[in-house]
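# Inside the fold
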Amino acid sequence: MTNSLWGRLDDVSGDAGYEEHPPRMGFFTDTSVCIGCKACEVACKEWNELPEDGYQLTGMSYDNTQQLGASTWRHVAFVEKPLHPTTTDLGLPGMGPPGWDTHESGLPQAAPSGEDQATESGEGGIRWLMSSDVCKHCTHAACLDVCPTGSLFRTEFGTVVVQPDICNGCGYCVPACPYGVIDLRKEDGRAFKCTLCYDRLKDGQTPACAQACPTQSIQYGEVSELRQRADLRLAELLDKGVDVARLYGRDPDDGVGGDGAFFLLLDEPEVYGLPPDPVVTTRDLVTIWKHVGAAAVTLAGLGVASFFGRRS
């Protein structure tokens, strides 16, 4: 079993044993241009032949899927947040966020530039944040560390994939994931999650979700290039006064060594249901096993001493 914990940042495939491999591939999701159309969810389900989750609203906004799961590998979150009369939390004065104009009705209407997907409605206003969530394909992937069968493996593209045909349903990967991405299918108990369309990647194709995204909110490419693109986009928004914009999962010095799928957010990660400071759950695994080994040696030594002590 390959220990992902000590993988090199952008050579995770090399660390996994691939002597020659393509660049690390991944996603950059720019939530500032997500319109919540759910085209990515539909494309993911169609390509991967995933069952539907039911289409009745749950009473929580327009989000009918609620979270990532065994049959939902892409989840478009609709976050409704009360908007104060002077929307200072976006860094700009006025009723609406940047990129929005006030219509004669009094409600802001989207400007052609599409700089922001947030909107408001009703008395007092509601700010809508939309974001397409997915498996992060971590640099230090704890799910790889705990899988006892090798069902989870690192591909030559640096992504993390589950092989359901050899998954024994132990479920160790579920609590190991710091993002709560992996889920077990109720019908057979096996683990499932986003594969970043591994079958399409092998044929040189773009993942289905990114291919279907009409606003290029989901961008696919080499992770190193996507990081540069994300930095430029963040700088652009900050320059326009959107001081709440931030990158999530881009930092190679964070608790998981950076993600292969990272995001530009317009609020705190918790608002989107993301952990603020994710940490690879197996980071202390080597230390723990060293302590276990030392304890075993000590117990063995005590046992031998006791045995010879009784004989004498």
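Residues numbered from 1 in each chain as written. Predicted model: local features only at pLDDT ≥ 70, side-chain atom pairs only at ≥ 80, totals over all residues. Heavy atoms only, no water.

## Some thoughts on the overall build of the protein
The line we're drawing: Every helix listed is a DSSP run of H or I at least four residues long, and every strand listed is a run of E at least two residues long, numbered separately from the N terminus. Exposure is judged per residue with a 1.4 Å probe applied to protein chains only, and the accessible area is read against the type maximum: over 50% gives exposed, under 20% gives buried, and values in between give partly exposed. Whether two residues are in contact is decided by their heavy atoms, any of which lying within 4.5 Å being enough. Under the convention used here, a 1.4 Å probe and the Shrake-Rupley method define accessible areas, while residue burial counts only the protein chains that appear.
Scanning the protein from N- to C-terminus turns up eight helices and twelve strands. In the protein, buried positions account for 46% of the 312 residues. Restricting to contacts in the protein with at least 6 residues of sequence separation, those with at least 24 account for 63%. Accessible surface, the protein as shown: approximately 15500 Å² in total, 55% of it carbon and sulfur.

## Considering the packing of aromatic side chains
Here is the rule we go by: Between the rings of Phe, Tyr and Trp (Trp by its six-membered ring), a pair exists once the centres lie within 6.5 Å; its type follows the angle of the planes, with under 30 degrees stacked, over 60 edge-to-face, and the other angles tilted. We count a charge as sitting over a ring when the NZ of a lysine or the CZ of an arginine lies within 6 Å of the ring centre and within 35 degrees of the ring normal.
Summed over all chains, the structure comprises five aromatic pairs. Note on F153 and Y198: the rings are 6.0 Å apart at their centroids and 70° apart in plane angle, and the pair reads as edge-to-face. Here F153 is found in strand β6 (residues 152–154), whereas its partner Y198 is found in helix α5 (residues 198–202), with 45 residues between them in sequence. Among the aromatic side chains, those forming a connected cluster through ring pairs are F153, F157 and Y198. Sitting over the ring of W47, R200 keeps its end group 4.5 Å from the ring centre.

## A word on the nonpolar core
Condition: Residues belong to a common nonpolar core when they are buried Ala, Val, Leu, Ile, Met, Phe, Trp, Tyr or Cys residues joined through side-chain atoms within 4.5 Å.
Formed by 64 residues in total, the largest nonpolar core has its most connected members in F27, L152 and L266. Residues within four places of L152 in sequence aside, it is in contact with C143, L144, C147, V160, V161, V162, C173 and K193.

## What about the confidence of the model for the protein?
Our working rule: Per residue, pLDDT captures the predictor's confidence, and it can take any value from 0 to 100.
With 71% of its residues at a pLDDT of 70 or more, the protein has an overall mean of 80. Confidence over residues 1–8 falls short of pLDDT 50; this stretch has 31 contacts with residues more than four positions distant or in other chains. A low-confidence stretch, residues 85–120 (pLDDT under 50), is modelled with 82 contacts involving residues beyond four sequence positions or located in other chains.

## A short note on the environment of V271
Among the structural elements, V271 can be located in the loop between β12 (261–265) and α8 (285–311). The partly exposed category is assigned to V271, whose relative accessible area is 26%. Taking the C-alpha atoms as reference points, V271 and L129, separated by 142 residues in sequence, lie 8.9 Å from one another. Excluding anything up to four places from it in sequence, V271 contacts V79, K81 and L129.

## Section: the pairing of strand β5 (residues 126–133)
Note the cut-off: Strands are labelled as partners when DSSP assigns at least two bridges between them.
Within β5, six of the eight residues are buried, leaving the element largely enclosed by the surrounding structure. With eight bridges connecting them, strand β2 (residues 75–82) and β5 associate as antiparallel partners. Directly across from A77, in β5, lies its bridge partner S131.

## Comments concerning the pattern of salt bridges
Going by this rule: What counts as a salt bridge is simple: a side-chain nitrogen of Lys or Arg found within 4 Å of a carboxyl oxygen of Asp or Glu.
Applying the stated criterion across every chain yields a total of ten salt bridges. With a shortest N-O distance of 2.8 Å, D188 and R190 are connected by a salt bridge. A residue is classified by how much of its surface remains accessible, and D188, at 38% relative accessible area, is partly exposed. Each member of the salt-bridge network shares a partner with another, and the members are D30, R233, E236 and K240.

## Re the sheet that holds strand β1 (residues 25–30)
Hydrogen bonding along the main chain pairs the strands of a sheet, whether they run parallel or antiparallel. Under the convention used in this document: Note on geometry: axes are C-alpha line fits, over the in-contact stretch for helices, and angles between N-to-C directions span 0 to 180 degrees.
Taken in spatial order, the four strands line up as β10-β1-β12-β11 in an open sheet, and their pairing is mixed. Sheet topology places β10 (218–222) and β11 (246–248) at the edges, where each strand pairs with a single neighbour. Averaged over neighbouring strand pairs, the angle between their axes works out to 20° when direction is ignored. Looking at chain direction, β1 and β12 are connected through four bridges and run parallel. Bridge pairing in β12 links T29 to F263. Each of β1, β10, β11 and β12 touches helix α7 (residues 223–239); the most contacted strand, β10, lies at about 135° to it.

## So, helix α2 (residues 39–48)
C40, E41, A43, C44, K45 and N48 are the residues of α2 that are buried. Contacts from the buried residues of α2 go to β2, β5, α6 (208–212) and β10. Looking at the residues trailing α2, positive phi occurs at E49, about 55°.

## Details of α7
Given 3.6 residues to a turn, an α-helix orients residues that are three or four positions apart in the same direction. What counts, and what does not: A helix is expected to span 1.5 Å multiplied by its residue count minus one. Directions drawn from the helix axis to the C-beta atoms are what define this arc.
Between its terminal C-alpha atoms α7 stretches 24 Å, which fits the 24 Å expected from 17 residues at 1.5 Å a residue. Those residues of α7 lying buried are V223, L226, R227, A230, R233, L234 and L237. Buried positions in α7, seen along its axis, are confined to an arc of 130° and lie on one side of it. For α7, exposure combined with an orientation more than 90 degrees from the buried face picks out Q228, L232 and D239.

## Here we look at the environment of L201
Tracing the chain through its elements places L201 in helix α5. Judged by relative accessible area, which is 5%, L201 ranks as buried. Along the backbone, L201 and F157 are 44 residues apart, and their C-alpha atoms lie at a distance of 8.2 Å. Those residues within four positions of L201 in sequence are excluded, and the remaining contacts are M25, F157, L196, P207 and Y220.

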